[in-house]
Structures are given as C-alpha cells and as structure tokens.
Amino acid sequence: MFALVNNRIMNPQKIEALWIHLHWLTVLSQQGSYTAAAQRLGVSKAAMSQRIAELERAAGVPLVQRTTRSVRLTEAGQRLVDDMRGPFEQIAHSFAGVRDLAGVPRGLVRVTAPVAFARQQLVPRLADFLRAQPEVRLELDLSDRLRPLAMEGFDLAIRHTAAPPDTHVAWTLCRTRSVLVASRAYLRKRGLPATPQDLGAHDCLHYPRAQDTPAWHFEPLVAAAGTGGAPRVTVPVSGPLAANNSEALRDAAISGLGIALMPDFSAQAALQAGKLVEVLPQWQPVGVFGEQLYAIRPYASHVPQAVAAFVAWLRETLAPGFAVGRAPTQRRRTLRLR
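This structure is a prediction, so every number in the text was calculated from the model and none was measured.

Q: So what exactly am I meant to see when it comes to the overall build of the chain here?
A: Across its full length, the chain holds 11 helices and 16 strands. Summarising the internal contacts of the chain: among those between residues at least 6 apart in sequence, 74% fall at separations of at least 24. As displayed, the chain has an accessible area near 18,100 Å², and 53% of this comes from carbon and sulfur atoms.

Right under this line is the structure:
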C-alpha cells in the first residue's frame, strides 16, 4: 500500500522512517527554537536541524520559517504538528502505562514551579524524595510565568493561586497566607503601625500589579479585639522598591528598606530567625497572592506512577503549610524591637 504525499506516491517504509522526524518537529513547535528543542530531546542542534531538513525534503514543502531568534511553523508544518499531536500523546501515555506494569515508580517527571517557592521550600526537601525513589528523575523549571503544561511537555505544575484551572486535574497541597513584615531596625526608626491606614506614612515594598496606584487590602481577623464585622480596608502604598519576586522583597525588608508584603513561604525562615517581625498581625492581607498551593497536571486517563508518587510526597511533605505564628493582639504595642 502506498501513500500520496504532496501529490507524489510515497512508499510506506519511507514514511515510517520519518516518524522520528515528525516527533522532533512537534517538539520544535513546542519549544520555539532549535536550541531549546535539541536540549529537550538530548541531541545536538546540528542533528535537530538535519532531521527537520530531511523532513522538508521528503514533504517537498517548507515546514519551518527561521528567524535569527526563533522559529515558527509554516501552514504545512503546523498542519503536520496538529495532526500528529494526538497520536504522539497517546503513544507516550501507552508507553508510560506499560512501564508502570513493573510496579516501581521510574522515569522523568518534568515540573514547573514558582521561583521563590521552589528555591526556599521545594528544593531543600527534594533529596528526601529522590533518595526514597531512586528510579525517578526530576527536571525542575523555575518560573513565575504560567506555562502551558501540555504544549511545553510538563507533567506537573505547582501553582500558588486562589483557584486552579478547570481544564486540569488539581491536588491541594496546603493553605498559604500573605504576611506583612519588616525588620526591627526599620520599625525602631519609623515606628510600629497600629492600623492599616498607618501604612500610608511608611515605605512599603510591594509586588507590582497592573493598577496605576499600588494598594493593599486588609480584612480584620475574627479573633482581633474590637474589629469583628469591620469592612475590608484598602490602603494605597508607595515605597522605594517594587519587585515581582518575593525573595527580593524579603531581602529588601531584612535590609531595613521598608515594610513588605509576601507569601508566608517566603517569610517563614526570616521570621523564625528573628530577621523580620510580623506587622499588623491582627489584620489579614487579601487579594495579592494565592490562598492555596496546588499540584496541577493536564487531564489524562493514565497518571504515571512516578508522577503519582511525586504528588503523594508533595501532599504529605507540604501538608503542615508554612506557619510562622501570629503575635496576640494585646501584645502588639509591646513587641520587642531591640
């Protein structure tokens, strides 16, 4: 049986010899450059370029448009990728299922996670998992950008968000909260805020958002004396530094530059070490960072054992959360700043 390709009769054996070329083309479309695609496949850039050139010669039409910085597919190349994506995903799932018959979690798990969380909370714990699962390898992508998981080949994402996407499967790892922190040196110099409104007179280190005027929102804790039923408070803030990374905000706060708002997993170690103290503990910052950590993966009928083992370990390890304690309300004015 022969196939018609670009109005030419082509031997099925020759088509079968191009299957790996087609797979490499799909990876190239996902990665957006020959260098990134070659790294993903574990081959040289020259080999990558050669296979695509061979595929174009066999197809008889250009499949890739090259620029100095990236590549994009032609209409013909995109059609090939769209047609082949489903079959290649099915092959990957089927092979993963066969490997799982051995009963031991093994293989590569590609994970993307937020930079600050991964550096401070995930990476220091990974040795325990890898020692317990010696047949599993992890490839960790540290990025605050929300990556398209299936398109970029990730098995799992760790997300700090209020709600996971409905199109994916999500496991809750733990609750998180936002905390307001400052160094004792800064508070000795500028004073301890008694209410959220007092922040208007302080240097506030904030995470830049789309709004023109940065603002923080607070709700009183139920346990806070005299604040029950009070409405949400919104306070415009300003300061010498804005940064889209909570580690940068934490380090700036430790240096005494101002009062910073960040997730508890970024502040935990500095609070426990006494490098920072919590400010306005009777008020809860809201609407800036997510309230939960999730493990998220694209929907699939089969979950590889290596992925399932890693998710189970994450849920057990992170279940306690990142508690840093709250100072009782009545002690607010007697907080030791020396």
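Q: What should I look at first to understand the pattern of salt bridges in this one?
A: Pairs can form between side chains of opposite charge once their charged atoms are near each other. Evaluated as defined, the whole model comprises seven salt bridges. For the salt bridge of Glu139 with Arg110, the shortest nitrogen-to-oxygen distance reads 2.9 Å. In this pair, Glu139 is assigned in strand 6 (residues 136-142) and Arg110 in strand 5 (residues 107-113), connecting sequence segments 29 residues apart. In this structure, the salt-bridge partner of Arg177 is Glu278, at a minimum N-O distance of 3.2 Å. A residue pair is termed long-range when its members are at least 10 positions apart, and Arg177 in the loop between strand 8 (168-175) and strand 9 (178-182) and Glu278 in strand 14 (residues 277-278) qualify at 101 residues.

Q: I keep staring at the packing of helix 6 (residues 115-132) against helix 11 (residues 305-318) and nothing clicks. Help me out?
A: Packed helices, taken two at a time, are described by the angle their axes make and the gap between the axes. Interhelical geometry of helix 6 versus helix 11 gives an angle of 115° and a closest axis separation of 11 Å. Classed by the angle they form, the pair helix 6 and helix 11 counts as roughly perpendicular. When you trace helix 6 past helix 11, the crossing you get is right-handed. Together, Phe117, Leu122, Arg125, Leu126, Asp128 and Phe129 of helix 6 and Ala309, Phe310, Trp313, Leu314, Thr317 and Leu318 of helix 11 make up the contact between the two elements. Here the residues of the contact of helix 6 with helix 11 sort into nine nonpolar, one polar and two charged.

Q: Could you clarify how one ought to interpret the nonpolar core in this entry?
A: In globular proteins that are soluble, nonpolar side chains generally tend to be buried together. Residues Phe117, Leu122, Leu156, Ile158, Phe310 and Leu314 are the most contacted members of the largest nonpolar core, which totals 26 residues. Of all the elements in the fold, those that place two or more residues in this core are strand 5, helix 6, strand 7 (156-161), strand 8, strand 16 (292-298) and helix 11. No other element matches the eight residues that helix 11 contributes to this core. Other than its neighbours up to four places away in sequence, Leu156 contacts Arg110, Val111, Thr112, Trp171, Ala295, Ile296, Arg297, Val307, Phe310, Val311 and Leu314. If you look at the next biggest cluster of nonpolar residues, it comprises 20 residues, including Val27, Leu28, Tyr34 and Val71.

Rules behind the numbers
- Residues numbered from 1 in each chain as written.
- Predicted model: local features only at pLDDT ≥ 70, side-chain atom pairs only at ≥ 80, totals over all residues.
- Heavy atoms only, no water.
- Helix = DSSP H or I, 4+ residues; strand = E, 2+ residues; numbered from the N terminus.
- Contact = heavy atoms within 4.5 Å.
- Areas by Shrake-Rupley, 256 points an atom, 1.4 Å probe, with all protein chains shown as cover.
- Salt bridge = Lys/Arg side-chain N within 4 Å of Asp/Glu carboxyl O.
- Axes fitted to C-alpha atoms, helices over the stretch in contact; angles between N-to-C directions.
- Parallel < 35°, antiparallel > 145°, perpendicular 65-115°, else oblique.
- Left-handed = near helix turned anticlockwise from the far one by under 90°.
- Nonpolar A, V, L, I, M, F, W, Y, C, P; charged D, E, K, R; others polar.
- Core = buried A, V, L, I, M, F, W, Y, C linked by side-chain atoms within 4.5 Å.
- Buried < 20%, exposed > 50% of the residue type's maximum accessible area, 1.4 Å probe, protein only.

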